[in-house]
Amino acid sequence: MPIDPEEVRRIARLARLRIEADEADALARDLERIVAYIDSLNEVELPGDAASLTYFDRDATRDDRPGPCLDHDEALRNAPDHDGTFFLVPKIVEKDEA
Amino acid sequence: MSHLWQQSARSLAAAVRAREVSALEVADAHLERALRHNDIGAFLHLEPEAARHQARDIDYRLAKGEDPGPLAGVPVALKDNLCMRDAPTTCGSRILENFLPPYDAHVVERLRDAGAVLFGKTNLDEFAMGSSTENSAFRPARNPWRLECTPGGSSGGSAAAVAAGLVPLALGTDTGGSIRQPAAFCGVVGLKPTYGLVSRYGLVAFASSLDQIGPLARHVDDAALLLEAIAGHDPRDATSARRPVADLRAEGTIDGLRVGIPAEFFGDGLDPDVAAAVERAKSLLVEHGARAIDVSLPLARHAIAVYYIVAPSEASSNLARYDGVRYGLRADDEGSSVDEMLASSRGEGFGREVKRRILLGTFSLSSGYYDAYYGRAQKVRAAMRRELEEVFARVDLLLTPTTPTAAFRLGDRLEDPLAMYLSDVLTVTANLCGVPALSLPCGRTPDGLPVGLQLMAPRFGEATLLRAARAYESLAPAAAAWPPEHAA
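Here goes a summary of the coordinates provided.

Criteria and thresholds
- Residues numbered from 1 in each chain as written.
- Chains lettered and ligands numbered in written order.
- Predicted model: local features only at pLDDT ≥ 70, side-chain atom pairs only at ≥ 80, totals over all residues.
- Contact = placed C-beta atoms within 7 Å.
- Helix = DSSP H or I, 4+ residues; strand = E, 2+ residues; numbered from the N terminus.
- Nonpolar A, V, L, I, M, F, W, Y, C, P; charged D, E, K, R; others polar.
- Core = buried A, V, L, I, M, F, W, Y, C linked by C-beta atoms within 7 Å.
- Buried ≥ 20, exposed ≤ 12 C-beta atoms within 10 Å, placed from the backbone.
- Domains from an automatic or database assignment.
- Arc of directions from axis to C-beta.
- Axes fitted to C-alpha atoms, helices over the stretch in contact; angles between N-to-C directions.
- Parallel < 35°, antiparallel > 145°, perpendicular 65-115°, else oblique.

Of the residues lining the interface, 40 residues belong to chain A; the matching set on chain B comes to 49 residues. Sorting the residues of the side of chain A that touches chain B by element identifies helix 1 (5-14), helix 2 (21-38) and helix 3 (72-77) of chain A as the ones contributing at least two each. With seven residues, the top contributor of residues to the side of chain A that touches chain B is helix 2 of chain A. Each residue belonging to the side of chain A that touches chain B can be placed in one class, and the counts come to 27 nonpolar, four polar and nine charged.

Residues and elements named next belong to chain B. Val76, Val117, Val189, Leu397 and Leu455 are the most contacted members of the largest nonpolar core, which has 175 residues in total. Residue contributions to this core peak at 10 residues, all from helix 9 (residues 303-318). Each of domain 1 (4-257 + 395-486) and domain 2 (301-378) gives at least three residues to this core.

As a further point, take the environment of B:Leu166. Residue and element names in this part refer to chain B. Within the secondary structure, leucine 166 is located in the loop between helix 5 (156-163) and strand 4 (169-174). Leucine 166 sits in the buried class, given 31 other C-beta atoms within 10 Å. Distance from leucine 166 to alanine 437, taken between C-alpha atoms, is 25 Å for residues 271 residues apart in sequence.

The subject of this paragraph is helix 1 of chain A. Turning to helix 1 of chain A, its buried residues number three or more, namely A:Val8, A:Ile11 and A:Ala12. Projected down its long axis, helix 1 of chain A shows its buried positions confined to an angular sector of 105°, all on one face. Buried residues along helix 1 of chain A sit against helix 2 of chain A together with helix 11 (352-365) of chain B. Of the residues flanking the end of helix 1 of chain A, it is A:Arg16, one or two places downstream, whose phi is positive at about 50°.

Right, let's get into the packing of helix 2 of chain A against helix 9 of chain B. For the pair helix 2 of chain A and helix 9 of chain B, interaxial distance at closest approach is 8 Å and the crossing angle is 125°. Between helix 2 of chain A and helix 9 of chain B, the angle is such that the two are oblique. Contacts from A:Ile34, A:Tyr37 and A:Ile38 of helix 2 of chain A reach helix 9 of chain B at B:Ala305, B:Tyr308 and B:Ile309. Looking at side-chain class alone, the contact of helix 2 of chain A with helix 9 of chain B contains six nonpolar, no polar and no charged residues.

Here we come to the environment of B:Met420. All names here are of chain B. Summarising the element assignment, methionine 420 is placed in helix 13 (residues 417-421). You can call methionine 420 buried: it has 22 C-beta atoms within 10 Å. Separated by 209 residues in sequence, methionine 420 and aspartate 211 have C-alpha atoms that sit 19 Å apart. Each residue touching methionine 420, except ones within four places of it in the same chain, is listed here: Gly130, Ser131, Ser132 and Arg413.

What follows covers unusual backbone geometry. Residues and elements named next belong to chain B. The residue after glycine 153, namely serine 154, is reached through a cis peptide bond having omega 10°. Here serine 154 lies in the loop between strand 3 (117-122) and helix 5. Not every positive phi belongs to a glycine, and aspartate 86 is a case in point at roughly 65°. Tracing the sequence through the fold places aspartate 86 in the loop between strand 2 (75-79) and helix 4 (106-113). Accessibility expressed as a C-beta count within 10 Å gives 13 for aspartate 86, which makes it partly exposed. For cysteine 91, which is not a glycine, the phi torsion comes out positive at approximately 55°.

Right, here's the structure in full:
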């Protein structure tokens with residue numbers, strides 16, 4: 001299937017990924033070739049019971065018991081911006097909208 | 001008397017425990033070498049002071065009469081996607097350039113408990129996405145056998161460090177071949193364990209249904225020693241297997257061992273020199289009692305296509321956590337909204353290959369394409385696993401080349417992502433089916449580059465893998481030669 005730079009920008013918006021104008025062309029070419037290759041899966045003849053085939057086993061779960069976890073200061077230590085209590089991000093709600 | 005850096009992990013641990021040599025002397029010999037051979041680009045961060053501190057502690061405990069454990073004083077390098085408390089863990093990415101983990105990965109805890117000396121963090125393709133270590137945001141790693149060639153990837157730094165004698169042991173991670181392919185390119189032993197044998201707690205996630213941590217070593221016994229130290233149940237990884245670890249050191253014969261030869265792994269694109277080396281290895285095993293049995297895995301032909309849907313889909317989801325809020329890079333120009341801050345931080349922090357895979361995964365999972373791509377890939381994957389299980393009802397192991405060619409030159413495949421992806425055509429099946437697989441050196445091409453022999457076993461068949469590998473290693477000991485440029 002054809003993938004053009006506009007489609008790359010659409011997918012990039014879904015992935016919250018800024019793509020520079022000069023990157024979109026090259027990425028579109030790469031993705032088109034890769035998708036053409038993976039499209040070969042359409043030719044695979046699956047066994048008759050394929051609809052019921054699943055790959056994943058059930059994961060184990062552990063008991064829901066409180067235990068030691070990351071301490072507050074340690075959790076904030078790698079944050080690009082924080083005020084000692086919370087992570088800080090650009091303003092979400094403007095004052096005049098509030 | 002050989003140099004300390006030439007000795008096996010097993011003999012180093014024995015000598016340290018017997019106090020014939022101190023852990024500090026062992027650490028210093030390897031540190032000196034790691035600094036001298038910096039041209040390989042094997043390490044992203046070396047931790048000389050921390051390593052020497054750990055070594056002194058081992059010596060102190062021995063002096064008090066304590067036993068520091070089976071890896072007493074043995075230097076071990078960690079791929080830089082494994083969290084080690086307060087040591088940089090970059091994943092080869094700008095987005096984690098300044099990240100200092102507040103905790104140790106499960107494997108790091110286990111290594112500390114076993115008395116290992118943690119040496120530093122090795123180079124890798126960004127977020128383990130690549131087959132040459134050229135996607136490292138910091139610098140490429142090089143192959144000790146020939147510096148203009150890649151060491152493979154993504155655990156290229158770990159494989160190169162072991163091959164050049166900078167450390168006797170290293171941990172790598174393998175999502176589609178990232179331990180075995182560099183092991184093959186660098187002429188060392190690399191093992192990807194059964195999915196679930198080694199806890200992924202503290203491994204920075206790439207594709208969670210495929211990722212496994214495993215050992216790289218110069219000797220089969222050393223790989224077994226390291227795997228024993230890290231294997232076993234951990235409740236912090238929901239996919240960690242609840243079963244006792246088999247005795248990985250058990251000696252045994254290969255007499256009557258049924259070795260399957262899957263035709264699909266010897267097809268188009270296999271370099272004749274690689275094919276010849278693997279054929280010689282097969283003949284040697286057969287001469288010593290193994291039985292070669294021709295088998296077929298028709299669905300394995302589609303492994304790369306399945307892999308490049310499953311792995312990027314999981315990656316696009318796992319890498320959503322890099323949001324410039326809790327850790328990692330935040331763009332200077334953060335824009336005026338959270339969405340803009342997110343997009344510019346990710347755009348600035350991720351390299352080209354990581355972006356390619358996030359986009360590919362987002363595409364495969366997006367509305368309208370999900371059933372045709374991700375859904376179909378999971379069906380093919382399940383059918384592949386059943387097909388493999390049926391073959392393992394008739395054979396104990398599969399024998400194949402690890403890679404279609406020996407190491408390629410830096411830059412050769414960098415502009416052609418599909419050619420780079422096809423480097424892993426013989427290794428991804430083991431990841432997609434969750435089975436263990438090992439690569440060990442089986443001679444060299446006429447050019448002098450190492451060739452890897454791959455053995456695959458049924459789930460939790462590590463003991464069989466190691467038994468066969470040990471047998472081959474004792475029959476063909478020349479395989480353990482040193483790279484000429486790093487022999488002194």
